[in-house]
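Observations on chain architecture
So the chains spell out like this:
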Amino acid sequence: MAAEVGGGDSGKKKGKKKGRKKKANPRIDMTPMVDLGFLLLTFFVLTTTMSTPVAMPVVVPAEKQEEQKTEQEKISEEKVLFLYLTGKDRIYWYRGRENNEVKLNYTTYGDKGVREVIYKEREKVKRSGLFDLSKDPDPMIVMIKLSDDASYRNMVDILDEMNITDQKKYMLLDMEKADIEIVQDYEKNMNLPSSIEKSLANLAKSGAS
Amino acid sequence: MPKAKVARKSTAIDMTPMVDLAFLLITFFMLTVKFRPQEAVTVILPPSIATTPVPNVDLLTILIGEDGKVYMGVSDQNTRRAMLEAVAQERNITFTEEEKKKFAVLEQVPVPIEELKRFLALRPSDREAYIKKSKGVPVDSADNQLQMWMLRARLSNPNLRIAIKADEKTPYPAIRQVIKTLKKQKANRFNLVTIQEADPRKQKATSSSQS
């Protein structure tokens, strides 16, 4: 099929002379145009459907207010859940003390790890009977302490976990010297890292299944 | 009776509606497409369940690379210009009109202020290599240039919202340093730019309602 454009008039005149009517074909072969069209379409579709970034709002306490708070309030350790975020995506946590000693536990990120810990500990705090639930229906406070080995991903993950578990009261803090010692002691006494690596692997397996 | 003539049908299909459709879609995508601007470094964002889209006007972005290098930029070119002029005055550096124009199209401040003149003189093709070697905008307390840039940017446009855009592998101390700088300026409200992830609570809700 040949492409003929605007050949209608001349065709008729010629046709009259010869006494034969030649039908002009007003159709254009649009295949190349369609090809081009879809090529462009594909290009634009692929460039636009990139994942659009979203913003996670963060509010940090003003510097002055923070100092005042620590002076004024004394928080019962029973309702504070400490999360130590260290390198290699590990989380160590404890709440309250046993015989005046800190006993650390470990976990990982995700629904089988730290999320479950938060849910469980929150229930324990509520049921402990030490706090007036009518005044404050959810007394637990989470203290997140980040070590220098932690990554930005760890920070975003844990803040996300706070949003997922609806944990309203939490603080983002740096690990202090005492915290680092606690973690180091724990890693030494548990014959780490081999045993923890195994447990973490198990956790990951149970999470995946 | 003679055999019924089978009408010859043309094998050509009228493709006009298809073309119409294709071009309609092209027009739509062309109008909605927003090309990603050339940033100082490419970062892989961590996922989160946040849903608010990142605003694209009046935005001050602090870009932190995987190696902890910090870059800072604002979304509109007028603020970039005003910011550069104020900083130049503070540092006693004069920039020519051409240099200001070149600076205004940069998405982020890519190098320390001392190297900025040299950087702007480079051809665009050499810039990427220079950024890799350079140390970005200094954030250390001895010479906190991030604070300087931010202050000038926020003075020339008080409506700026702050967003931190960091690679997921960025070590925490680099983030801490930036947040410290923000706190010093009483910028206690900011956004972390992430990519969207499905909310596990909603997933649970839909799956339980289905079953």
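Residues numbered from 1 in each chain as written. Chains lettered and ligands numbered in written order. Predicted model: local features only at pLDDT ≥ 70, side-chain atom pairs only at ≥ 80, totals over all residues.

Concerning the overall build of chain A
Within chain A one finds seven helices and six strands. Secondary structure of chain A in N-to-C order comes out as α-α-β-α-β-β-β-α-β-α-β-α-α. Classification of the 209 residues of chain A by burial places 22% in the buried group. Put simply, 61% of the contacts in chain A that link residues at least 6 apart link residues at least 24 apart. (Helix = DSSP H or I, 4+ residues; strand = E, 2+ residues; numbered from the N terminus. Buried ≥ 20, exposed ≤ 12 C-beta atoms within 10 Å, placed from the backbone. Contact = placed C-beta atoms within 7 Å.)

Observations concerning the confidence of the model for chain A
Residue and element names in this part refer to chain A. Predicted confidence across chain A gives a mean pLDDT of 74, with 71% of residues reaching 70 or more. Per-element confidence in chain A ranges from a low mean pLDDT of 45 for helix 1 (residues 8-18) to a high of 88 for helix 5 (residues 152-164). Under a pLDDT of 50 for its full length, residues 1-16 has, in the predicted model, 16 contacts with residues more than four places off or in other chains. (pLDDT = per-residue confidence, 0-100.)

What about the nonpolar core?
Counting 67 residues, the largest nonpolar core has Leu83 of chain A together with Val178 of chain B as its most contacted members. The element contributing the most residues to this core is helix 7 (residues 172-184) of chain B, with six residues. In this structure Leu83 of chain A touches Ile91, Trp93, Val114, Val142, Met143, Ile144, Lys145 and Ile158 of chain A, once residues within four positions along its chain are discounted. (Core = buried A, V, L, I, M, F, W, Y, C linked by C-beta atoms within 7 Å.)

Thoughts on the interface of chain A and chain B
Chain A puts 40 residues into the contact, and the matching count from chain B is 47 residues. Those elements giving two or more residues to the side of chain A that touches chain B turn out to be helix 2 (31-48), strand 1 (53-59) and helix 5 of chain A. Considering each element in turn, the side of chain A that touches chain B owes the most residues, 11 residues, to helix 2 of chain A. Considering only residue class, the side of chain A that touches chain B consists of 25 nonpolar, eight polar and seven charged. Pairing analysis gives seven bridges linking strand 1 of chain A to strand 5 (residues 189-196) of chain B, with the strands arranged antiparallel. Looking at the pairing, Val54 of chain A lines up with Thr194 of chain B of strand 5 of chain B. (Nonpolar A, V, L, I, M, F, W, Y, C, P; charged D, E, K, R; others polar. Pairing = 2+ DSSP bridges.)

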